[in-house]
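# An overview of the molecular structure
Chain by chain, the residues run as shown.
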Amino acid sequence: MSVTAPRGFRAAGVAAGLKGGGARDVAVVVNDGPSRAAGAVFTGAEDRAAPVLWSQQVLSGGRVRAAVIDSGGANAGTGPPGFQDVHAAAEHTAGLLDDSAAEVVLCSTGPVGARTDSGALRGGVTSALAQASRGGGLDAADAIRTTDTVAKIAFRRGGGYTVGAMAKGPDASVSTALCVLTTDADVTADQCQRLLATAVEASLDPLTATNDTVLLMASGASGTSPREDDLAALITEVLAELATQLRADTPATDHDRTQNS
């Protein structure tokens, strides 16, 4: 079930034509609450891509309603026009959800240097949100792949709550590392940020590519407020399992490393 294993989440992955060949290339993960607490760890690169710059602003508020991930292009090195494209995609998503663009995270991966086809992305978001469901986690994980040969998903159940996740790599130190984690635990944004940062440091290689993003969304739908140590251990277990899957996948070539992010 991936990111939809915890209660309160819907997801979908669709083919929007960004990649061509009919492959899924746009994913959405929607948090239906009642809470929208969130935290994230971003790349340490100085040349952060437009989606990272936008999402950092969103996470400063500690609330995320939805995440949109596309694998048709990194939108890195695209300057102000690329940032405007991200803003427009967030506004489009928010309009469909009747919500605020300031709570919509954008992540992108794929070839560097080219702007994403905004029309195709908006169409993909529209289709994905129309299809989003508790059963859409695997399709979402498939839609974020670039050089990955298989989708990466994991989840763990705790005492009355669950942590789920999806990721793409294919290796935590190669190309863009994108990971979305979800939990139905009732926690604050501060807890999300602190626990995620600790788990990322313990489980993943340093985030250095232009688009690297690890996001944690908490719906609070279980009504359970776990001990921090217990939740931290579960988040770390899930990330460690994803890291193992990432490293086991076929390594990218040197060309992939330089041309994709």
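Just so you know, these numbers come straight off a predicted model, no measurement behind them. Throughout, residues of each chain are indexed from 1 in the direction in which the sequence is written. With pLDDT at 70 or above as the cut-off, local features in this predicted model cover only qualifying residues; side-chain atom pairs require 80 or more to be listed or tallied, and sums for whole chains, interfaces and linings still use all residues. Excluding hydrogens and water, the side-chain figures rest on all heavy atoms present in the structure.

### Considerations on empty space enclosed by the protein
Space inside and on the surface of the protein is sampled on a 1 Å grid over the protein atoms alone, with a cavity defined as a set of points where a 1.4 Å probe fits but cannot get out and a pocket as an open set with protein on both sides within 12 Å along at least 5 of 7 lines; lining residues have an atom within 4 Å of a point. Grid points are joined across faces, edges and corners, and a volume is the space filled by probe spheres set on the points. One pass over the structure, following the stated rule, counts two cavities of 30 Å³ or more. Empty space within the largest cavity amounts to approximately 60 Å³. Along the walls of the largest cavity sit Asp 70, Asn 75, Asp 85, Val 86, Ala 89, Leu 106, Ser 108, Thr 116, Ser 118 and Leu 121, which together make up its complete lining. For the lining of the largest cavity, the secondary-structure elements that each account for two or more residues are α2 (79-97), β5 (104-108) and α3 (118-131). Numbered from the N terminus, helices here are DSSP runs of H or I no shorter than four residues, and strands are runs of E no shorter than two. The greatest single-element share of the lining of the largest cavity, amounting to three residues, is contributed by α2.

### Topic: helix α6 (residues 228-248)
Compared with an ideal rise of 1.5 Å per residue, which puts 21 residues at 30 Å, α6 spans 30 Å between its outermost C-alpha atoms and is within 8% of the ideal. Burial in α6 covers these residues: Leu 231, Ala 232, Leu 234, Ile 235, Val 238, Leu 239, Leu 242, Ala 243 and Leu 246. Contacts from the buried residues of α6 go to β6 (152-157), β7 (162-168), β8 (178-183), α5 (189-203) and β9 (213-218). Helix span is expected to be 1.5 Å times the residue number reduced by one. The classification of residues rests on relative accessible area computed with a 1.4 Å probe and restricted to protein chains. Under 20% of the type maximum is buried, over 50% is exposed, and intermediate values are partly exposed. Working rule for contacts: check all heavy atoms of both residues, and any pair within 4.5 Å makes them a contact.

### Side note on the environment of Gly 73
Relative to the elements of secondary structure, Gly 73 occurs in the loop between β4 (66-70) and α2. Classification of Gly 73 as buried rests on a relative accessible area of 5%. When residues no more than four places from it in sequence are discounted, the contact partners of Gly 73 are Ser 108, Thr 109, Gly 110, Pro 111 and Thr 116.

### Side note on the sheet that holds β7
Strand pairing in a sheet relies on backbone hydrogen bonds. The paired strands run either parallel or antiparallel. Between any two strands, at least two bridges found by DSSP are needed for them to pair. Taken in spatial order, the five strands line up as β3-β9-β8-β7-β6 in an open sheet, and their pairing is mixed. The open sheet has two free edges, formed respectively by β3 (37-42) and β6, since each of these has just one partner strand. Recorded for the sheet is a direction-independent mean angle of 10° between the axes of neighbouring strands. Here β6 pairs with β7 via six bridges, running antiparallel. Bridge assignment links Phe 155 to a residue of β7, and that residue is Gly 164. Contacting β3 and β9, helix α1 (residues 50-59) crosses the sheet at an angle of about 145° to β3. Axes, fitted as lines to C-alpha atoms, cover a helix only where it is in contact. Angles between the N-to-C directions of the axes lie from 0 to 180 degrees. In this fold α5 packs onto β3, β8 and β9, with an angle of close to 30° to the strand it touches most, β3.

### A few points about the pairing of β4
Burial within β4 is extensive, with five of its five residues counted as buried. Alternating positions in β4 separate into two faces, Ala 66, Val 68 and Asp 70 on one and Ala 67 and Ile 69 on the other, with burial throughout. Pairing geometry for strand β2 (residues 26-31) and β4, over five bridges, is antiparallel. Each residue of the ladder has a partner; that of Val 26, found in β4, is Asp 70.

### Quick look at α3
Over its 14 residues, α3 runs 20 Å from end to end, which matches the ideal 20 Å to within 8%, given 1.5 Å per residue. Among the residues of α3, those classed as buried are Ala 120, Leu 121, Gly 124, Val 125, Ala 128 and Leu 129. Along the long axis of α3, the arc covered by the buried residues comes to 160°, so they all point the same way. Here the buried face of α3 lies against β1 (9-14), β2, β4 and α2. Directions from the helix axis toward the C-beta atoms define the arc.

### Some thoughts on the pattern of salt bridges
The salt bridge definition used is simple: a Lys or Arg side-chain nitrogen within 4 Å of an Asp or Glu carboxyl oxygen. In total, this model carries 20 salt bridges according to the counting rule given. In this structure, Glu 228 and Arg 194 form a salt bridge, with 2.7 Å as the shortest nitrogen-oxygen distance. Separated by 34 residues along the polypeptide, Glu 228 in helix α6 and Arg 194 in helix α5 bring together distant segments of the chain. Relative accessible area serves as the criterion here: at 37%, Arg 194 is assigned to the partly exposed category. Within this structure, Arg 10, Asp 32, Arg 36, Arg 63, Arg 65, Asp 99 and Glu 103 form a network of salt bridges that share partners.

### Focus: the nonpolar core
Buried together is how nonpolar side chains tend to be arranged in soluble globular proteins. Leu 59, Ile 69, Met 166 and Leu 215 are the most contacted members of the largest nonpolar core, which has 49 residues in total. The next biggest cluster of nonpolar side chains, apart from the first, holds 30 residues, and it includes Ala 154, Tyr 161, Val 163 and Val 200. Side-chain atoms within 4.5 Å link the members of a nonpolar core, which is a set of buried Ala, Val, Leu, Ile, Met, Phe, Trp, Tyr and Cys residues.

### Considering the environment of Ala 37
Note that Ala 37 resides in strand β3. Given a relative accessible area of 7%, Ala 37 falls into the buried group.

### Some details on the side chain of Asp 184
Residue placement: Asp 184 occurs in the loop between β8 and α5. Not counting residues within four places of it along the chain, the set of residues in contact with Asp 184 comprises Pro 6, Arg 7, Tyr 161, Thr 162, Ser 219, Gly 220, Ala 221, Ser 222 and Gly 223.

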